[in-house]
Amino acid sequence: MDIRFRIRRYNPEDEAKARPYWQEYELKEVQPTDRVLELLHRIKWEQDGTLTFRRSCSAGICGSDAMRINGVNRLACKLLIRDVGSSVQVEPILGLPVLKDLVVDMEPFFAHYRRVMPYLVNEEAVPEDGRERLQTPAARSVYDDSTNCILCAACTTACPSFWANGEYYGPAAIVQAHRFLFDDRDRAEEERLAVLGEGDGVWRCRTVFNCTSACPRNIEVTRAIGEVKMAIRKGSPEGVIRPFSHEKH
Ligand code: SF4
Ligand code: F3S
Ligand code: FES
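All of these numbers come straight from a predicted model, not from anything done at the bench.

Participant: Even after reading the chapter, I still don't get the site of ligand 2, so can you show me in this structure?
Facilitator: Near ligand 2, the surroundings consist of 13 residues, among which C159, C205, R206, F209 and C211 are the closest. Of all the secondary-structure elements, those providing two or more residues to the shell around ligand 2 are α7 (210-214) and α8 (221-234). For the shell around ligand 2, the residue count by class is eight nonpolar, four polar and one charged.

Written as structure tokens, this is what we have:
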């Protein structure tokens, strides 16, 4: 099949291209099972070496190739052309500064990520037998879903609250906070809840659900945000989630 691509281009280093514009490309002999990322490679390698985009693993793991494809945030490496159609429009994800073509500046996104303390805090002495801090499968299950996040930013850049106010920490940062907040080995719940309850924290979420639809890992993002809101209201994550409630069948 033949596919027509329409790609948002921008190059601040070239005066003639320093305003965003659309460029079209035609690709022949495309297989329905080709992935959008492979086709972007074909354009770059066969037609236009200046086309710029991020990618690394090509396997849905690294989170580096989130793009807006036909108006929806997707990972280009996971999307088959048969699921898109013969006309493909590709733009950078929204709400972050564009550096060049499809590449955005992820720094504001990672600043929000760092803000929520995305690491385990526990200053208590390790058990005397030198073993790791043990955790039951039931206790592990309450934050299992949020461990699947690959920080691709598809959720945050699909969120109208984030578009309206880029200071909002956004769903990705909250999912990362959820992962540690509900970990019973963590001891920073008070500090973490205070950060999440700040003006730019979870209360900017208006339960729009775009984040959940955008997530390529099928994380129940809005649900995680709701659980964080409940923990803030209670003043503690304890008892907010029943063990195993996140199991998917
Ligand atoms: Fe990407 Fe999903 Fe993580 Fe958001 S929650 S950053 S969409 S993997
Ligand atoms: Fe935004 Fe998701 Fe909340 S789209 S408003 S973070 S439910
Ligand atoms: Fe790594 Fe797509 S290239 S997730």
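Participant: I would appreciate a short explanation of the site of ligand 1 in the present structure.
Facilitator: Ligand 1 sits among 13 residues. The nearest are C149, I150, C152, C155 and C215. Of the residues belonging to the shell around ligand 1, the class tally is twelve nonpolar, no polar and one charged.

Participant: I tried to follow the packing of aromatic side chains on my own but got confused; where do I start?
Facilitator: Between two aromatic rings, the relevant description is the distance of the centres plus the angle of the planes. Within the structure shown, the criterion is met by two aromatic pairs. Pairing F110 with Y113 gives two aromatic rings, centres 6.0 Å apart and planes at 75°, and the pair type is edge-to-face. Of this pair, F110 and Y113 both sit in helix α2 (residues 107-115), three residues apart, which is roughly one turn of that helix. Of the residues examined, F110 reaches a relative accessible area of 25% and is grouped as partly exposed. A connected cluster of aromatic rings, assembled from ring pairs, spans F109, F110 and Y113. For R6, the ring lying beneath its charged end belongs to W22, and the centroid distance is 4.2 Å. In this structure, R179 packs its charged tip against the face of F180, placed 4.2 Å from the ring centre.

Participant: Could you clarify how one ought to interpret the pattern of salt bridges in this entry?
Facilitator: Enumeration over the complete set of coordinates arrives at 18 salt bridges. Of the charged contacts in the structure, one is a salt bridge between R185 and D183, with a shortest N-O distance of 2.7 Å. According to the relative accessible area criterion, R185 is partly exposed, its value standing at 21%. Overall, the relative accessible area of 2% leaves D183 in the buried class. With a closest N to O distance of 3.5 Å, E220 and R223 form a salt bridge. According to the relative accessible area criterion, R223 is partly exposed, its value standing at 32%.

Participant: Where do I start with helix α6 (residues 189-196) in this structure?
Facilitator: Think of an α-helix as turning once every 3.6 residues; residues three or four places apart then point the same way. Of all the residues in α6, the buried ones are R192, L193, V195 and L196. Taken around the axis of α6, the buried residues stretch over an arc of 160°, which confines them to a single face. Those residues of α6 that are buried lie in contact with α2, α5 (170-181) and α8.

Participant: What is the right way to look at the sheet that holds strand β1 (residues 3-9) in this model?
Facilitator: Two pairing modes exist for strands in a sheet, parallel and antiparallel, and in both the strands are linked by backbone hydrogen bonds. What the five strands build is an open sheet, ordered β2-β1-β5-β3-β4; its pairing is mixed. Because the sheet does not close on itself, it has two edges, and the strands there are β2 (21-27) and β4 (72-75). Mean inter-strand twist for the sheet, computed between neighbouring axes without regard to direction, equals 35°. Note that strand β3 (residues 66-69) and strand β5 (residues 87-91) share two bridges and pair antiparallel. Looking at β5, one finds that R68 is bridged to E91. In the packing of helix α1 (residues 36-47) onto the sheet, contacts are made with β1, β2 and β3, and the angle to β2 comes to roughly 95°.

Participant: Before we go on, may I ask you to explain α1 in this structure?
Facilitator: Taking 1.5 Å per residue as the helical rise, α1 with its twelve residues ought to reach 16 Å, and the 16 Å between its terminal C-alpha atoms agrees with that figure. Buried residues of α1: V36, L37, L39, L40, H41 and I43, and no others. Summarising the contacts, the buried residues of α1 are in contact with β1, β2 and β3.

Basis of the calculations
- Residues numbered from 1 in each chain as written.
- Chains lettered and ligands numbered in written order.
- Predicted model: local features only at pLDDT ≥ 70, side-chain atom pairs only at ≥ 80, totals over all residues.
- Heavy atoms only, no water.
- Near = heavy atom within 4 Å.
- Helix = DSSP H or I, 4+ residues; strand = E, 2+ residues; numbered from the N terminus.
- Nonpolar A, V, L, I, M, F, W, Y, C, P; charged D, E, K, R; others polar.
- Phe/Tyr/Trp six-rings, centres within 6.5 Å; stacked < 30°, edge-to-face > 60°.
- Buried < 20%, exposed > 50% of the residue type's maximum accessible area, 1.4 Å probe, protein only.
- Lys NZ or Arg CZ within 6 Å of the ring centre and 35° of its normal.
- Salt bridge = Lys/Arg side-chain N within 4 Å of Asp/Glu carboxyl O.
- Arc of directions from axis to C-beta.
- Contact = heavy atoms within 4.5 Å.
- Pairing = 2+ DSSP bridges.
- Axes fitted to C-alpha atoms, helices over the stretch in contact; angles between N-to-C directions.
- Expected span 1.5 Å × (residues − 1).

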